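Here's the letter readout for the chains.
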Amino acid sequence: MAVRSLISVLIISLFSFTYASDPSPLQDFCVAVKDDEAKVFVNGKICKNPNMVSANDFFFPGLNKPGNTSNAQGSKVTPVNVNQLPGLNTLGISLVRIDYAPYGLNPPHTHPRATEVLVVVEGTLFVGFVTSNPADPNVKNKLFTKTLYPGDVFVFPEGLIHFQFNVGKTDAFVFAGLSSQNPGVITIANAVFGSDPPINLDVLTKAFQVDANVIKYLQAQFK
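Going by the annotation in an unreviewed UniProt entry, the name recorded for the protein chain is Germin-like protein, with Abeliophyllum distichum given as the source organism. The record in UniProt for the protein chain states the following under Subcellular location (unreviewed entry): "Secreted, Extracellular space, Apoplast". What the UniProt record of the protein chain gives under Sequence similarities (unreviewed entry) is the line "Belongs to the germin family."

Right, dumping it as structure tokens:
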């Protein structure tokens, strides 16, 4: 009986992990209500009255237009998630367009709730992701990289740190699909050095094993 109970627990746990993602829809659609119009808070978005739904709730224009890459990173992400396209609510999918100036970078970041699959439309990109911490403390996190050209596809597993860098002398852009209506993004440098309030200086100097002045300099870049 003990063995059977253990097997039952393992099966239940396996099914729990299998469905540990965006919820499966239980109706044709659940068009999101804007946060400032919602009367309750839920994990996701509450549904618009189906009788008030229109085709525009499933429509987003403009992904043919390049994003403005005039910034320090030389890149621009244009998201189409549930906040821009309410009809995505409960469907477990979203989309982005990413534009890169020559030598533009989409800096190391993670999507805590989504796997990302990227297709290059124009340009040449150097992309990569880093594995999570190995069980053996003597083994380093492994880096996977690839140079991509138009028509190439690359996937970044859910939650892992990844990046894209335009190694060409011309503009580049991609489309990417993500396995969540609201994948989230954590840009590593911004989160670590630009948090509000700042992370304690002693914590960062010990974590990065550098002088406090280096940390102060890095924090100043994100004020």
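Participant: Is there a simple way to think about the overall build of the protein chain in this case?
Facilitator: Assigned secondary structure in the protein chain consists of four helices and 10 strands. Going from the N terminus to the C terminus, the protein chain shows its helices and strands as α-β-β-β-β-β-β-β-β-β-β-α-α-α. Expressed as a percentage of the 223 residues in the protein chain, the buried residues total 29%. A separation threshold of at least 6 residues defines the contact pool for the protein chain, and within that pool the share at least 24 residues apart is 72%. Looking at the protein chain as shown, the accessible area adds up to about 14,400 Å², and 60% of this sits on carbon and sulfur atoms.

Participant: Help me understand the packing of aromatic side chains in this model?
Facilitator: We describe a pair of aromatic rings using the distance from one ring centre to the other and the angle between the two ring planes. This model, assessed by the stated rule, comprises seven aromatic pairs. Ring centres of Phe-129 and Phe-154 lie 6.2 Å apart, and the angle between their planes is 50 degrees; on these two criteria the pair is classed as tilted. Taken together, the positions of Phe-129 in strand β5 (residues 125-130) and Phe-154 in strand β7 (residues 153-156) put the pair 25 residues apart, joining distant regions of the chain. Ring centres of Phe-193 and Phe-208 lie 5.4 Å apart, and the angle between their planes is 35 degrees; this geometry places the pair in the tilted category. Here Phe-208 lies in helix α3 (residues 201-208) and Phe-193 lies in helix α2 (residues 188-193), a separation of 15 residues in the sequence.

Participant: Is there a simple way to explain the state of the cysteines in this structure?
Facilitator: Defined simply, a disulfide is a covalent bond joining two cysteines at their sulfur atoms. For the structure shown, the criterion picks out one disulfide. Two residues, Cys-30 and Cys-47, share a disulfide whose sulfurs are 1.8 Å apart. An S-S torsion of about -100 degrees defines the bridge between Cys-30 and Cys-47 as left-handed. You can see Cys-30 sitting in the loop between α1 (2-18) and β1 (75-80) and its partner Cys-47 sitting in the loop between α1 and β1, a full 17 residues away along the chain. Using a relative accessible area of 6% as the deciding quantity, one classes Cys-30 as buried. Cys-47 gets classed as partly exposed once you look at its relative accessible area, which sits at 38%.

Basis of the calculations
- Residues numbered from 1 in each chain as written.
- Predicted model: local features only at pLDDT ≥ 70, side-chain atom pairs only at ≥ 80, totals over all residues.
- Heavy atoms only, no water.
- UniProt positions renumbered as here; feature names shortened; annotations may be inferred.
- Helix = DSSP H or I, 4+ residues; strand = E, 2+ residues; numbered from the N terminus.
- Buried < 20%, exposed > 50% of the residue type's maximum accessible area, 1.4 Å probe, protein only.
- Contact = heavy atoms within 4.5 Å.
- Areas by Shrake-Rupley, 256 points an atom, 1.4 Å probe, with all protein chains shown as cover.
- Phe/Tyr/Trp six-rings, centres within 6.5 Å; stacked < 30°, edge-to-face > 60°.
- Disulfide = S-S within 2.5 Å.

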